[in-house]
Amino acid sequence: MTVQMFWRSVRARWLGYVAALAAVAVVSGFIGLVLREVNLANVSMLYLLAVLATAVAYGRGPAVFASIVAFLTFDWFFVDPIHHFTVSDPEEWVSLLFFLVTAIVTGQLAAGQRQRAREAQQREREAVVLYDVVRLVGERDLEDGLRAVAERLREELGLEGVAMEIAQTHGAVVRVAVGDGDALKALQAGTLAAAHVLNAGQSRSNRRALPGRWVRLVPPTPRLSDARTTLRDRVHLVPVRAEERRVGALLLAAAPESAQFDEAADRLLSAVAAQLGLAIERARLRTEANQAEILRRTDELRRALLNAVSHDLRTPLASIMASAGSLQQDDVVWTPEERQDFAHAIVDQAERLNRIVGNLLDLSRIEGGTLRPDKGWYDMAALVDEVLGRLRPQTAGHNVVTHVPDGLPAVSLDYVEIDQVLSNLVENASRYAPAGSEISVSAQRANGEVRVAVEDRGPGVPPAAVQHLFDPFYRVADGTPRPAGLGLGLAVAKGLVEAHGGRIWVENRPGGGARFTFSLPLSEGVENPVA
Amino acid sequence: MSQGSGARILVVDDEPALVRAVETNLRKHDFRVERAATGEEALEAYSRHRPDLVLLDLGLPDLDGLQVIRSIRTHASTPIVVLSARGGEGDKVAALEQGADDYLTKPFGARELLARIRVALRHVAAPPHGTEPMVAAGDLVVDLEHRRVTLRGREVHLTPTEYDLLKIFVANPDKVLTDRMLVETVWGVAYRQQAHSLHVYVARLRKKLEADPQVPRYLLTEPGVGYRFVTESPSHIAE
């Protein structure tokens, strides 16, 4: 304890004794006035009020002091012989002594009551602070939670600044500091030095069972040397432990005149440190549980991906193998038309394989967030024509009609990507719609965007599937009809359209079938908020 | 080429390119071909054309392929050859247990397809199982009337369980039998989970009947599905 602190505590105590003297003086004056008028028996009991008041306001010591002073004062001023400490009447002696005992006992009781009330208040405050700490640390973001706890502690203990350092499992250290001017600066800069103290484990050498100890912060830069002098010996370090491991520390910077923690504050600090440790341990366990869950999901996704890829890739492969294998048979004589047919099938299906691989690559770029549409101004009618021309082998069994009005404005788009979107939608329609039914591709202008719709007369989309239809690898639950492709194309279409600031959706048509629509904004820079 | 001799085959697959290739092949080999792209179409085409064999893809856009098998099996024993992707062993087993006769794993070659179709059709032409007292496959002769098994003219001694197992194989020549079907027939439904015993008995039969038990000629393993008793010489069912 410094000299300064000593004087501070002496000053606080003196105040009680001075008040005791004053209280006794006031009561003495009053008794003097009263006795001039009437003679009252046991008027000395009025001093008990002074003793009580002193006990309640300043506690035990001043109360005893007040009792003795009152005893002496009464003896001196009001008991015969007046202005002598001797007492002539032995009965007076007895009542004086009786008064002294009563005063001291009353003072003790009142002071004890006061002490208990203060402790109860103190504990209530601690409980509230602890509750706040637990609540705040439980917040999603550890850093925000710690900052809130630091603010709460600073307010509660009237500190200049509070800093916290918490090491997380993966090695990262979360540092937060709150406070005013210099203290904050010093805490922010000084945490490094504190971390050094922490790592070196010096605070273990605490001889007393206090939660923390006073340390010197050494700011790393000379620029902060002012803060260094003002903060020397004024930073209190409380280690935070979780499962016996040191995981961090509380750093508390106090103002020079209050750089001391009483028992209650020490208790509060150890409780806060313990709660922080628990909270951090909980957070660690939660993170581990999350990671296990993520791993499990990743595993599931990987299996789904493998299934999807194997199915989607094998379907065209099966056609290629059947066709190529047929050509290879040397015991069969094929007509030139048949040979042409097999060759066409091989080429078409190889192109389809290529599209699937393209979709897979696009999907990985979409998921990886590396998709950057390379936009230019294009005519939608031309794009529709080109896609339908290329997909003629797939749509040969269907009646494909287009409705694209003249004078549709040019749209800013990445041609390759939107080509893929439309291809996926048309291929999807041809896969589901029964042979001979109509597939309609239309484009129109609406509300500052261009909408392209692909409509079919297939089975439509089961209501339960609508919201998942665009999820990658989405597969309608077993037991119900399952799509031949696995929605990879739709997931890619969604990703590509959204990268253009557009939307894509599906609805069932009156009279059966599905309508897939995607929209692209007409004016550059107007990103659709729904996307 | 006239192996098909006009047999009518219903090809059910939603993949037009594959159907076209299969159809061209089958027509070339003198089969008549009907096609269907969905389960509903398949059932309709089946009742309209009464095909001699159904080639059925399990992954159809509307109905589950298994439902199609069940529907057909309720009133007919027309051979059904299932098309399924590799990795779908569970699907194959389910299909066989629903009554499919054989399966082909996608992608498959044209030659293999024709061989499987031919085998499946031949057994329809053969008289119903159990009426024939003597069954011969290569050097192996099973006399069902006298419970005698001979290999190259020499009698082979089999335990009752071994004989029961062999009898099922002989009664279902060239057909894939799933582990469960075999266990249930030989040991009973209560032993459904005991596929291990089955593997042990198949191994014993191979030891007694096969020239080289490690490269069986009669009792072939269908990985992940079950076993097949092969009556033809291996060259006919070359992959």
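Computed from a predicted model, the values in this text were never measured in an experiment.

Notes on the sheet that holds strand β12 (residues 514–521) of chain A
Within a sheet, neighbouring strands are paired by backbone hydrogen bonds and run either parallel or antiparallel to one another.
All names here are of chain A.
Phase 1 of the analysis: Read from one edge to the other, the open sheet built from five strands follows the order β7-β9-β10-β12-β11, with strand pairing classed as mixed. Only two strands of the sheet have a single partner each, and these edge strands are β7 (399–403) and β11 (503–508). Neighbouring strand axes in the sheet, compared pairwise and without regard to direction, differ in orientation by 15° on average.
Phase 2 of the analysis: As paired elements, β11 and β12 share six bridges and run antiparallel to each other. Bridge pairing in β12 places Ile504 opposite Phe518.
Phase 3 of the analysis: Across the sheet, helix α13 (residues 488–499) lies against β11 and β12, angled at about 135° from β11, the strand it touches most.

Let's talk about the interface of chain A and chain B
Phase 1 of the analysis: With 28 residues of chain A in contact, the opposing surface of chain B contributes 25 residues.
Phase 2 of the analysis: Counting residues per element, the ones that place at least two in the side of chain A that touches chain B are α8 (263–328) and α9 (336–368) of chain A.
Phase 3 of the analysis: In terms of residues, the side of chain A that touches chain B owes the most to one element, α8(A), which gives 12 residues.
Phase 4 of the analysis: When the residues that make up the side of chain A that touches chain B are grouped by side-chain class, the tally is 13 nonpolar, 10 polar and five charged.

Remarks on helix α5 (residues 142–157) of chain A
Residues and elements named next belong to chain A.
Phase 1 of the analysis: The end-to-end C-alpha separation of α5 is 22 Å, in line with the 22 Å expected for 16 residues at 1.5 Å each.
Phase 2 of the analysis: The set of residues buried in α5 consists of Gly145, Leu146, Val149, Ala150, Leu153 and Arg154.
Phase 3 of the analysis: Of the residues one or two after α5, Gly158 is the one with positive phi, at around 60°.

Things to note about the sheet that holds strand β8 (residues 148–151) of chain B
Residues and elements named next belong to chain B.
Phase 1 of the analysis: The sheet built from four strands is open, its strands ordered β6-β7-β8-β9 with antiparallel pairing. A strand with exactly one partner marks an edge of an open sheet, and here the two such strands are β6 (134–137) and β9 (154–156). Pairwise comparison of adjacent strand axes, ignoring direction, gives a mean angle of 25° for this sheet.
Phase 2 of the analysis: Bridge count between β8 and β9: three bridges; the pairing is antiparallel. Bridged to Thr150 within β9 is Glu155.

Some thoughts on the confidence of the model for chain B
Residue and element names in this part refer to chain B.
Phase 1 of the analysis: Predicted confidence across chain B gives a mean pLDDT of 84, with 91% of residues reaching 70 or more.
Phase 2 of the analysis: Put simply, β6 is where chain B has its lowest mean pLDDT, 80, and strand β1 (residues 8–12) is where it has its highest, 94.
Phase 3 of the analysis: Interface confidence for the predicted complex, expressed as ipTM, amounts to 0.72; the pTM equals 0.54.

What counts and what doesn't
Residues numbered from 1 in each chain as written. Chains lettered and ligands numbered in written order. Predicted model: local features only at pLDDT ≥ 70, side-chain atom pairs only at ≥ 80, totals over all residues. Pairing = 2+ DSSP bridges. Helix = DSSP H or I, 4+ residues; strand = E, 2+ residues; numbered from the N terminus. Axes fitted to C-alpha atoms, helices over the stretch in contact; angles between N-to-C directions. Contact = placed C-beta atoms within 7 Å. Nonpolar A, V, L, I, M, F, W, Y, C, P; charged D, E, K, R; others polar. Expected span 1.5 Å × (residues − 1). Buried ≥ 20, exposed ≤ 12 C-beta atoms within 10 Å, placed from the backbone. pLDDT = per-residue confidence, 0-100.

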